[in-house]
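# Close look at the chain arrangement
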Amino acid sequence: MDDIQFEETARVGQIITIKAKVNRAFSTSMEVGIKVTVQDTLANIEKLVSVAYATYVAKPVGAGKIELKPVKLLSRQDHLEHSLATERRRIRLDYEQVFQNLMQESDKEDGYCEEDAVSTDLTHVQSIELVLPPHANHHENAFGGQIMAWMETVASISASRLCHSYPILKSVDMFKFRGPSIVGDRLVFNAIVNNTFQNSVEVGVRVEAYNCEEWIKDQARHINSAFLIFNAVNDKGELLAFPRVKPTTKVSSHSQDISFLECLVKCTFTPLFSAIFLAFQVYLSYSNIATLTHLAAKPGWEITSTLDDIKIWTHEEGDVLSFKVEMQVKIPSDLAFSLLSDFTRRQQWDKYYLTCEVLQAVNEDEKIYYVTSPSMTGYKPKDFVVLVSRRQPCQPSEPYIVAVKSVTLTSMPPSSEYCRSEILCAGFQIYSDSSSSCTVCYFNQVTLDVLPHLAANLTGSSKSIEDTALACIKFLELEGKKY
Ligand SMILES: CCCC(=O)SCCNC(=O)CCNC(=O)[C@H](O)C(C)(C)COP(=O)(O)OP(=O)(O)OC[C@H]1O[C@@H](n2cnc3c(N)ncnc32)[C@H](O)[C@@H]1OP(=O)(O)O
């Protein structure tokens, strides 16, 4: 399961609607999108409870794997979810690495704790459940939802030891079904508070399974773990504050193996900036790619100008104007991708890029650049700090993507020399047309402050967009001749 946020409480007497759809089949795994809404029939209001994504793996009875067929995409929304599913899968797989790093790091250091903080010792709760036939599916595997429900119960008892009230589940993070459990297994649930924040508490839960033989030998199978975040409210519905806590080191468990619980405890106490930074980066690059994909898929693009090899489209929504420049280029798509995603070469064709240098190469596909640009208004020149995320397609029908958005770096604050500007969403989608030609679509989304300048371009009084597009095609085709 991806992290689940609960936006609304569903109460007795209300009607719940659950919509689920396979967004994308990969090889043996598939992403299922789930949307839960709640309807109050008396007030005739429908509210969103949660949007969640689950990954299912197709497993035959017995050994082996099942190769899945691709899903058929019928609507615009299907196409959008299909392309974003790849990006979300990237995050999931990266998450695994982040979590492992977190666990290793938490072994190294003991965290800082306040003197008057409450010991987490008193929040340790253990419960044991026996998996019976009603808890399992037709393969005798315990239902994932049943395990989640048991985890929530034990975690909420753990949280209630601190808030002396009924905690409300706000989110479930880093939830993974690591291995199966079957009818007859004993499941041992260990929960403990990891840390408290202003109005929330994080509880770590670990689940271990034992069959009869494993129980006698005390050989646990670690099947699940997750972090559950709770709020608590008073009679008036106001959020309650939680006391500060200090980590415990004396946790007993059936299996004697307390290392994971200790890790859970230390995780939120240790300053693991590298792991947290990594998770943040992953989300930042997801939002970069997702924003461009959403922009490209919007309905209502209107064509404003057509040349032989260049078409310009615009899209207006409130204060935001977006434009798309479609260019036919006679070089292979992979080469166009490689040339356009290297922003240090952009000055070679874009006169609005005076200088461009790499500030940070996060990895091969994520780079942060510092860009300077001439003044448009006769005032100061402009500068930008941008994250450029690039992706290769998974299938030939999908585009190469280069997404650009502004980010803030403390090492590169605004200066008096330049006017710091922001790129909301920009970038390229590059489609292969043949082995020697491609269509390059450039997108840019701008707000009111740059609108007058662009409007002038778009009404045709200036040809600067076409000129830049022509320069881009010329640059790509000249470079293409060198290969
Ligand atoms: C109808 C009721 C359904 C239920 O409630 S079932 C009960 C709850 N679930 C369970 O008990 C499942 C417990 N887990 C397992 O048995 C195994 O972990 C499971 C799911 C079979 C996977 O086995 P593994 O050997 O780990 O498989 P694998 O490493 O080869 O990966 C298989 C595919 O999964 C993908 N995967 C692995 N970790 C992932 C992650 N964190 N997020 C998203 N996808 C992930 C992996 O990339 C692979 O996908 P693909 O084959 O490339 O499509």
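Residues numbered from 1 in each chain as written. Predicted model: local features only at pLDDT ≥ 70, side-chain atom pairs only at ≥ 80, totals over all residues. Heavy atoms only, no water.

If you check an unreviewed UniProt entry, the chain appears there as Acyl-CoA thioesterase 12 from Apteryx owenii. Turning to the chain, the UniProt annotation filed under Catalytic activity (unreviewed entry) states: "butanoyl-CoA + H2O = butanoate + CoA + H(+)". Quoted straight from UniProt, the Subcellular location (unreviewed entry) entry for the chain says "Cytoplasm". (UniProt positions renumbered as here; feature names shortened; annotations may be inferred.)

### Things to note about unusual backbone geometry
Of note, the phi angle at Asn44 is positive, near 55°, even though the residue is not glycine. Positionally, Asn44 belongs in the loop between strand S3 (29-40) and strand S4 (45-57). Taking the relative accessible area as the measure of exposure, Asn44 reaches 63% and is therefore exposed. Of note, Met174 is a non-glycine position whose phi angle comes to about 55°, a positive value. Among the secondary structure elements, Met174 is positioned in strand S7 (residues 167-177). (Helix = DSSP H or I, 4+ residues; strand = E, 2+ residues; numbered from the N terminus. Buried < 20%, exposed > 50% of the residue type's maximum accessible area, 1.4 Å probe, protein only.)

### Things to note about the site of the ligand
Surrounding the ligand, one finds 20 residues, the nearest of these being Ser27, Thr28, Ser29, Lys65 and Gly144. Within the backbone of Ser27, an N or O atom sits 2.8 Å from an oxygen atom of the ligand. Expressed as a share of its isolated accessible area of 1,100 Å², the protein-covered part of the ligand is 65%. Counting residues per element, the ones that place at least two in the shell around the ligand are S4, helix H1 (76-108) and S7. Among the elements that make up the shell around the ligand, the one with the highest residue count is H1 (four residues). Taken together, the residues of the shell around the ligand break down into seven nonpolar, six polar and seven charged. (Near = heavy atom within 4 Å. Polar contact = N/O pair within 3.5 Å; in protein donor to acceptor, adjacent residues only side chain to side chain. Areas by Shrake-Rupley, 256 points an atom, 1.4 Å probe, with all protein chains shown as cover. Nonpolar A, V, L, I, M, F, W, Y, C, P; charged D, E, K, R; others polar.)

### Side note on the nonpolar core
With 37 residues, the main nonpolar core has Val325, Met327, Phe343, Phe428, Ile430, Val440 and Leu476 as its most contacted residues. The element best represented in this core is helix H8 (residues 464-481), accounting for six residues. Among all residues touching Val440, those that are not within four sequence positions of it are Val325, Glu326, Met327, Val329, Ala336, Leu340, Phe428, Gln429, Ile430 and Leu476. Formed by 32 residues, the second largest nonpolar core is a distinct cluster that contains Val131, Leu162, Ala191 and Leu228. (Core = buried A, V, L, I, M, F, W, Y, C linked by side-chain atoms within 4.5 Å. Contact = heavy atoms within 4.5 Å.)

### Things to note about the environment of Val61
Here Val61 shows up in the loop between S4 and H1. What makes Val61 exposed here is its relative accessible area of 72%. Considered as a pair, Val61 and Asp467 are 406 residues apart in the sequence and their alpha carbons are 61 Å apart.

### Examining the UniProt feature "domain: HotDog ACOT-type" (unreviewed entry) in the chain
In the numbering used here, UniProt assigns the "domain: HotDog ACOT-type" (unreviewed entry) feature to residues 1-62 and 121-236. Between the first and last C-alpha atoms of residues 1-62 the distance is 24 Å; the span itself is 0% helix and 61% strand. Across residues 121-236, the secondary structure splits into 22% helix and 43% strand, with the terminal C-alpha atoms separated by 30 Å.

### Side note on the sheet that holds strand S1 (residues 4-5)
What the six strands build is an open sheet, ordered S1-S7-S10-S9-S8-S6; its pairing is antiparallel. The open sheet has two edge strands with one neighbour each: S1 and strand S6 (125-130). Note that strand S8 (residues 186-196) and strand S9 (residues 201-210) share 10 bridges and pair antiparallel. Its bridge partner lying in S9, Asn190 is registered against Arg206. Contacting S1, S6, S7, S8, S9 and strand S10 (221-232), helix H2 (residues 144-163) crosses the sheet at an angle of about 40° to S8. (Pairing = 2+ DSSP bridges. Axes fitted to C-alpha atoms, helices over the stretch in contact; angles between N-to-C directions.)

### As for the confidence of the model for the chain
When pLDDT is averaged along the chain, the result is 86, and 86% of the positions lie at 70 or above. Low pLDDT, under 50, characterises residues 251-273; the predicted model gives this stretch 68 contacts beyond four residues in sequence or across chains. Below a pLDDT of 50 lies the segment residues 455-462, which in the model reaches nine contacts outside its immediate sequence neighbourhood of four places, other chains included. Our summary of model confidence lists the complex with pTM equal to 0.77 and ipTM equal to 0.94. (pLDDT = per-residue confidence, 0-100.)

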